[in-house]
Amino acid sequence: MKKKYLHITTFGCQMNVHDSEQMAVLLADCGYEQTEDSAKADCLLINTCSIRDKAEQKAFSELGRLMKLKKKNPDLIVGFAGCLAQHLGARIHSRVKNVDLVFGTHNIHRLPEMMEAVQKERKTVTEVGFSSSLHSLGIYAPPRNGAIGAYVSIMQGCDNYCAYCVVPYLRGPEKSRTPEDIVGEIKKLARSGIREVTLLGQNVNSYGKKSGRGADFVSLLGKINAIEGIERIRFTTSHPKDLSDELIGCFGSLRKLCRHIHLPAQSGANRILKRMKRGYTAEEYLEKTERLRRVCPEISITSDIIVGFPGETGKDYQETIDMMEKIRFDSIFSFKYSERKGTAAEALTEKVPETEKRQRLKELQILQDRHTQEKNSALEGSVQEVLVEGPSRNSGRELTGRTSSWKIVNFEGHPELIGRMVPVRISRGYLHSLRGKQITP
Ligand code: SAH
Ligand code: SF4
Ligand code: F3S
């Protein structure tokens, strides 16, 4: 039988990346081998994101590129998946002709049957219904050759409805997997050589709350901490309103829990936080970061910030800057507010002009770069445990890995160290990485 090739382009968050891994596993069972080369592929999938307008534009331009390939080769199968596919559903067909397969975030597990319908009946398949089952979440993706880390979805959806955000409409209501399923999956990953797991959910802090079975995130972490072979646990994302003292305490008590938390603040102005429906004040946020640092002084704190939310005045923006000065994040992802159809914020007037948003974003990023550089320089001379992921991209002789605090470290070392935890003395802190020297015992 002729070998078939699959090419996937992923545009979204870590959850989307994990969805793509699961798609690849399911299509491997249908005889497709993954390739990096789209020109060689028999099936081209785009896994899209809809969080901001820019993400949508990227997905459309990639789809346009792939449709040109299909014009040359009508046998090519083109699939449009992910959050934007979920949003558009069958409407995509009137915008772009001849897309073979359109499926949403709850339909990934049905990929083999959808593919069969496309291949055998040569018909267009569109599946964007929501399902209350968690079938798509539990698809086991065995680690790729040599992988050290793996994503594990612990819940799907979101019930928070922050005023700017489309995720609850595209990923459905919040639903948690059982601790047994999650622990079972992680044990299997550990047996296949995985050393680090990143637990995924839109708001992991509320894990299990709706299940009525008494499952909660802190006890889940305790169970994962006990799994042999797993050396590091990370999770993302944490909603500040649900960050409990018990969870903060885990950063002091659980050996394998990495010393890093991604805690999106979004804004430092109470007026804006309220309009965003975030459910906490700037003071409460600040207090939680202080408690985190009391429990674990070396913890790195990263965040997401949106500038130019409707009604954000110069004073509100200044309050975000003041918050950043007080907290000094290790790094942030920062965005210009992007209006999304169907969200509560769409109806808000007092839009901030694009030029103003651009100016605020630029200033804020300059400030953050200064803080990041200061944080990284402060690590010079310290010894960091680095989990070695592979050869460094820049130099063949170097290895790369991450500290517990999520910082990239490059250092010279033997390839047999890949997958191991290595003590490295940091010699230089740069803006995007650290450099160091392995300490030999
Ligand atoms: N569930 C996660 C992340 C969701 S999306 C959480 O609550 O933290 C990742 C980030 O994208 C958000 O934290 C927010 O900063 C940003 N974002 C979401 N919607 C946006 C929009 N409409 N415009 C600009 N940024 C947005
Ligand atoms: Fe979006 Fe808010 Fe849910 Fe995060 S918590 S996914 S920002 S609605
Ligand atoms: Fe984008 Fe969907 Fe993730 S909208 S950020 S891919 S949940």
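Residues numbered from 1 in each chain as written. Chains lettered and ligands numbered in written order. Predicted model: local features only at pLDDT ≥ 70, side-chain atom pairs only at ≥ 80, totals over all residues. Heavy atoms only, no water.

Peer 1: Which parts of the structure should I look at to understand the site of ligand 3?
Peer 2: Around ligand 3, the neighbouring residues are Gly12, Cys13, Asn16, Cys49, Ser50, Ile51, Cys83, Arg171 and Gln202. When its residues are assigned to classes, the shell around ligand 3 shows four nonpolar, four polar and one charged. (Near = heavy atom within 4 Å. Nonpolar A, V, L, I, M, F, W, Y, C, P; charged D, E, K, R; others polar.)

Peer 1: What am I meant to see in the nonpolar core here?
Peer 2: Nonpolar side chains in soluble globular proteins tend to end up buried together. Core analysis: the largest hydrophobic core is formed by 55 residues, its most contacted members being Ile154, Val197, Leu199, Phe217, Leu221 and Phe235. Leaving out residues up to four positions away in the same chain, Ile154 has contacts with Leu137, Ser176, Arg177, Ile182, Leu199, Leu200, Val204, Tyr207, Phe217 and Leu220. In this structure, Ala24, Phe103, Ala117 and Ile139 belong to the second largest nonpolar core, which totals 21 residues. (Core = buried A, V, L, I, M, F, W, Y, C linked by side-chain atoms within 4.5 Å. Buried < 20%, exposed > 50% of the residue type's maximum accessible area, 1.4 Å probe, protein only. Contact = heavy atoms within 4.5 Å.)

Peer 1: How should I be thinking about the site of ligand 2 in this particular structure?
Peer 2: Looking at ligand 2, the residues that line it are Cys158, Asn160, Tyr161, Cys162, Tyr164, Cys165, Val167, Pro168, Gln202, His239 and Arg278. For the shell around ligand 2, the per-class residue count stands at seven nonpolar, three polar and one charged.

Peer 1: Which parts of the structure should I look at to understand the sheet that holds strand 13 (residues 300-307)?
Peer 2: Strand pairing in a sheet is mediated by backbone hydrogen bonds. Such pairs are either parallel or antiparallel. Spatially, 12-13-14 is the arrangement adopted by the three strands of the open sheet, whose pairing is parallel. Strands at the two margins of the open sheet, each flanked by one partner only, are strand 12 (260-262) and strand 14 (331-336). Between one strand axis and the next, the sheet turns through 10° on average, direction left out of account. Pairing of strand 13 with strand 14 involves six bridges; the strand directions are parallel. (Pairing = 2+ DSSP bridges. Helix = DSSP H or I, 4+ residues; strand = E, 2+ residues; numbered from the N terminus. Axes fitted to C-alpha atoms, helices over the stretch in contact; angles between N-to-C directions.)

Peer 1: Help me out: how do you make sense of the domain arrangement of the protein in this one?
Peer 2: Quoted interface sizes are often the accessible area lost when the parts come together. What the domain assignment lists for the protein is domain 1 (4-127), domain 2 (149-377) and domain 3 (383-438). Of note, the centres of domain 1 and domain 2, computed from C-alpha atoms alone, are 29 Å apart. Listed per partner, the contact involves 17 residues of domain 1 and 19 residues of domain 2. A combined buried area of about 1600 Å² lies between domain 1 and domain 2, and 57% of that area is made up of carbon and sulfur atoms. When the buried area of domain 1 at its contact with domain 2 is split by residue, Gln14, Met15 and Arg52 rank highest and sum to 37% of it. One can count three salt bridges joining domain 1 with domain 2. With its nearest N and O atoms 3.0 Å apart, the salt bridge here joins Glu56 to Arg340. (Domains from an automatic or database assignment. Buried area = accessible area lost by both parts, 1.4 Å probe. Salt bridge = Lys/Arg side-chain N within 4 Å of Asp/Glu carboxyl O.)

Peer 1: Even after reading the chapter, I still don't get empty space enclosed by the protein, so can you show me in this structure?
Peer 2: Unfilled space is identified by rolling a water-sized probe across the atoms. Under the counting rule described, the total for this entry stands at two cavities of 30 Å³ or more. Here the largest cavity is characterised by a volume of approximately 60 Å³. Partitioned by chemical class, the residues of the lining of the largest cavity number three nonpolar, five polar and two charged. Domain assignment of the residues forming the lining of the largest cavity places at least three in each of domain 1 (4-127) and domain 2 (149-377). Space inside the second largest cavity adds up to approximately 30 Å³. In terms of lining residues, the second largest cavity is bounded by His106, His109, Ser131, Ser133, Leu134, His135, Ser136 and Gln156. (1 Å grid on protein atoms, 1.4 Å probe; cavity = no way out; pocket = protein on both sides within 12 Å on 5 of 7 lines; lining within 4 Å. Points joined across faces, edges and corners; volume = space filled by probe spheres on them.)

Peer 1: Got a minute to help me understand the packing of helix 9 (residues 245-253) against helix 11 (residues 282-295) in this structure?
Peer 2: For any two helices packed against each other, the geometry comes down to the angle between their axes and how far apart the axes lie. Closest axis-to-axis distance for the helix 9/helix 11 pair is 8 Å, and the angle between their directions is 30°. In terms of axis orientation, helix 9 runs roughly parallel to helix 11. In the packing of helix 9 onto helix 11, the handedness of the crossing is right-handed. Contacts from Asp245, Ile248, Gly249, Phe251 and Gly252 in helix 9 reach Lys288, Arg291, Leu292 and Val295 in helix 11. (Parallel < 35°, antiparallel > 145°, perpendicular 65-115°, else oblique. Left-handed = near helix turned anticlockwise from the far one by under 90°.)

Peer 1: Whenever I open this one, the side chain of Thr403 confuses me. Can you help?
Peer 2: Its location among the elements puts Thr403 in the loop between strand 16 (398-402) and strand 17 (408-412). For Thr403, a relative accessible area of 0% translates into the label buried. Reaching out from Thr403, the side chain makes a polar contact with the side chain of Ser405 at a distance of 2.7 Å. Every residue in contact with Thr403, bar those within four places of it in the chain, is listed here: Arg232, Arg234, Gln384, Glu385, Val409 and Leu434. (Polar contact = N/O pair within 3.5 Å; in protein donor to acceptor, adjacent residues only side chain to side chain.)

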